[in-house]
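# Residue-level structural notes
The chain contents come next:
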Number of protein chains: 2
Amino acid sequence: MAVRLGWLAPRACRRVLKRAFSLHKEHSIKDMENTFQLVRNIVPPLTTKKHKGQDGRIGIVGGCQEYTGAPYFAAISALKVGADLSHVFCTREAAPVIKSYSPELIVHPVLDSPDAVSEVEKWLPRLHALVVGPGLGRDDALLENVKGILEASKARAIPVVIDADGLWLIAQQPLLIQGYEKAVLTPNYMEFSRLFEAVLRDPLDSSDRRGAVLRLSQALGNVTVVQKGEQDVISDGKQVSALSSWLPLARAPSQDSATTKPSRSTAARPPPLT
Amino acid sequence: MAVRLGWLAPRACRRVLKRAFSLHKEHSIKDMENTFQLVRNIVPPLTTKKHKGQDGRIGIVGGCQEYTGAPYFAAISALKVGADLSHVFCTREAAPVIKSYSPELIVHPVLDSPDAVSEVEKWLPRLHALVVGPGLGRDDALLENVKGILEASKARAIPVVIDADGLWLIAQQPLLIQGYEKAVLTPNYMEFSRLFEAVLRDPLDSSDRRGAVLRLSQALGNVTVVQKGEQDVISDGKQVSALSSWLPLARAPSQDSATTKPSRSTAARPPPLT
């Protein structure tokens, strides 16, 4: 659940949860309280003792000609769950659009430049975690740049959440994150099937989700896999657990009362700060 | 506090203060009322006797490829605390983005042009105060233009608030504001340390903040220094005082109920009108 609710400010969280519970009568107030606690654990306490940046500097790699919403939701979500600074690294044309969604974001129009990798690399020392994939698209040149950015992030041991078309890249080149235990993959059902069959060269047995998620994580060298669904199935290759989700996350943000809610593809929680 | 609350409209101020007080039980209702009074003193009374512009025409120098939010927050904050007109002088590419944040701003895409200095200079006679630095970045060509703009503002005795990367420029070239008593520097802790060590060529003794702020102000020839922190420490080189701040400003605006709250680096109050 933390993965799903991480991006919500406590008040918005309560609103969305109430709605979710009204849709899922079987859940108890106790469940709701437990969920609040999970959310509370994610949000850093407000304090005047810290300076700006100490509670998280997050980078989002994505945003292209077609897709500008997903990287915005990922970046603003990081701020709403407690991070201090959110950077978006996107294509030149996507940048002014993403900037215009919120003055709180720092947007770098570099992802389609010839120096994309070095342009992003020079910011890496200042970032605690990277989210790769929201609104990335499947343009070969962009994916090639993202490949270089992933390599540079691994070289610096920066935690990386890979989602959406970042997962498409991994399905093509699993070695990119093979054995990198600071990677978290957040596939939905379709993305998971593609990854599973690409990595294990084996048809997916959908009757055993836990087993499949465990196997994929192990095959990738203990990369954390979060398969999103009505239940999230999460494995680090050693253990596997399933968490009920009460949020209709297939729903587009615009259809939800929490207007700043990120789309399913961007509801990933930044890993703990290093 | 005025420095911190200057940008808030009275109602938003009350909301933020309530929240701040709920986080800081030790503060009394009396403190709160005193703070309201400070804020009231900043906001000019609404009157039909004045024409648009008499209550303040403010210029913001900043806004570049990466940063567009900070100059917006500085400019809109000036309007919210009672100024009539806010001009932003930024780079060509940043301008449409900053314009898109609010139709209330007047945005000039001139900061990276070869005539940047004369383009800004021709507006100076119409401005009561300049805020230099929010979202400026550290590009050498831009800093060179800002240097010229500062010289032109001093020649016209225009009050200047220097913040963010404007303080980076001052740390490189302290002579730029040496002895200019109409300058107000608003460093956070990191910016203050950099300035202190650049100007006094002396390691900062963080056990004596008041003494350090007083010394820096004196070394710069009685420039007003406002060191932002849990307590703001303010000195004009003659006296020094500390004001409690009850706002958790390390937090990104998106996490706050006052959605127009500026980022820490832009929470500077324009100096009194001349």
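Keep in mind it's a predicted model, so treat the numbers as computed, not measured.

### Brief notes about the overall build of chain A
- Across its full length, chain A carries 10 helices and 9 strands.
- Every one of the 274 residues in chain A was classed for burial, and the buried ones make up 58%.
- A fraction of 62% describes how many contacts in chain A between residues 6 or more apart in sequence connect residues 24 or more apart.

### A word on helix α9 (residues 189–200) of chain A
All names here are of chain A.
- Taking 1.5 Å per residue, 12 residues should reach 16 Å; α9 reaches 16 Å between its end C-alpha atoms and fits that length.
- If you follow the buried residues of α9, they end up packed against α8 (165–172), β6 (183–185), α10 (209–219) and β7 (224–227).
- The N-cap residue of α9 is Asn188: its side-chain oxygen and the backbone nitrogen of Met190 are 3.2 Å apart.
- Looking at the residues trailing α9, positive phi occurs at Arg201, about 45 degrees.

### A closer look at the pairing of strand β1 (residues 57–61) of chain B
Residue and element names in this part refer to chain B.
- Most of β1 sits out of view: 4 of its 5 residues are buried.
- The pairing of β1 with strand β2 (residues 85–90) spans 5 bridges and is parallel. The partner of Ile58 across the bridge, within β2, is Ser86.
- In terms of handedness, the path from β1 via helix α4 (residues 69–80) over to β2 forms a crossover that is right-handed.

### Side note on the UniProt feature "binding site: (6S)-NADPHX" (unreviewed entry) in chain A
Residue and element names in this part refer to chain A.
- UniProt annotation of "binding site: (6S)-NADPHX" (unreviewed entry) refers to Gly135, Asn188, Tyr189, Met190, Glu191, Phe192, Ser193 and Arg194 when read in the numbering used here.
- By the secondary structure assignment, Tyr189 is in helix α9.
- Sequence-distant contacts of Tyr189, that is, excluding residues within four places in its chain, are made with Leu204, Ser206, Gln227 and Lys228.
- Structurally, Glu191 can be placed in helix α9.
- Not counting residues up to four positions away in its chain, the partners in contact with Glu191 are Ala164, Leu167 and Thr186.
- Within polar-contact distance, the side chain of Glu191 engages the backbone nitrogen of Asn188 at 2.8 Å.

### Some points on the pattern of salt bridges
Residue and element names in this part refer to chain A.
- Evaluation of the coordinates by the stated rule reveals 15 salt bridges over all chains.
- With a closest N to O distance of 3.4 Å, Lys154 and Glu151 form a salt bridge. Separated by 3 residues within a single helix, Lys154 and Glu151 lie in helix α7 (residues 140–155), roughly one turn from each other.
- Given the relative accessible area of 39%, Glu151 is considered partly exposed.
- For Arg215, the salt bridge identified is with Asp202, shortest N-O distance 2.9 Å. Pair noted here: Arg215 is in helix α10 and Asp202 is in the loop between α9 and α10, with a separation of 13 residues, a long-range link.
- Given a relative accessible area of 37%, Arg215 falls into the partly exposed group.

### Thoughts on the environment of Ile170 of chain A
Residue and element names in this part refer to chain A.
- Topologically, Ile170 is positioned in helix α8.
- When its relative accessible area of 0% is taken as the criterion, Ile170 is described as buried.
- As for Ile170 and Lys147, which are separated by 23 residues in sequence, their C-alpha atoms are 9.3 Å apart.
- The residues touching Ile170, leaving out its near neighbours within four places in the chain, are Leu150, Ile162, Leu176, Ile177 and Leu195.

### Some thoughts on the packing of helix α9 (residues 189–200) of chain B against helix α10 (residues 209–219) of chain B
All names here are of chain B.
- For the pair α9 and α10, interaxial distance at closest approach is 10 Å and the crossing angle is 50 degrees. Judged by the inter-axis angle, α9 sits oblique to α10. α10 is crossed by α9, and the crossing has left-handed handedness. Of the residues in α10, those in contact with Phe192, Leu195, Phe196, Val199 and Leu200 of α9 are Ala212, Val213, Arg215, Leu216 and Ala219.
- Residues that form the contact of α9 with α10 fall into these classes: 9 nonpolar, no polar and 1 charged.

Calculation rules
Residues numbered from 1 in each chain as written. Chains lettered and ligands numbered in written order. Predicted model: local features only at pLDDT ≥ 70, side-chain atom pairs only at ≥ 80, totals over all residues. Heavy atoms only, no water. Helix = DSSP H or I, 4+ residues; strand = E, 2+ residues; numbered from the N terminus. Buried < 20%, exposed > 50% of the residue type's maximum accessible area, 1.4 Å probe, protein only. Contact = heavy atoms within 4.5 Å. Expected span 1.5 Å × (residues − 1). Polar contact = N/O pair within 3.5 Å; in protein donor to acceptor, adjacent residues only side chain to side chain. Pairing = 2+ DSSP bridges. Right-handed = clockwise from strand over helix to strand, strands pointing away. UniProt positions renumbered as here; feature names shortened; annotations may be inferred. Salt bridge = Lys/Arg side-chain N within 4 Å of Asp/Glu carboxyl O. Axes fitted to C-alpha atoms, helices over the stretch in contact; angles between N-to-C directions. Parallel < 35°, antiparallel > 145°, perpendicular 65-115°, else oblique. Left-handed = near helix turned anticlockwise from the far one by under 90°. Nonpolar A, V, L, I, M, F, W, Y, C, P; charged D, E, K, R; others polar.

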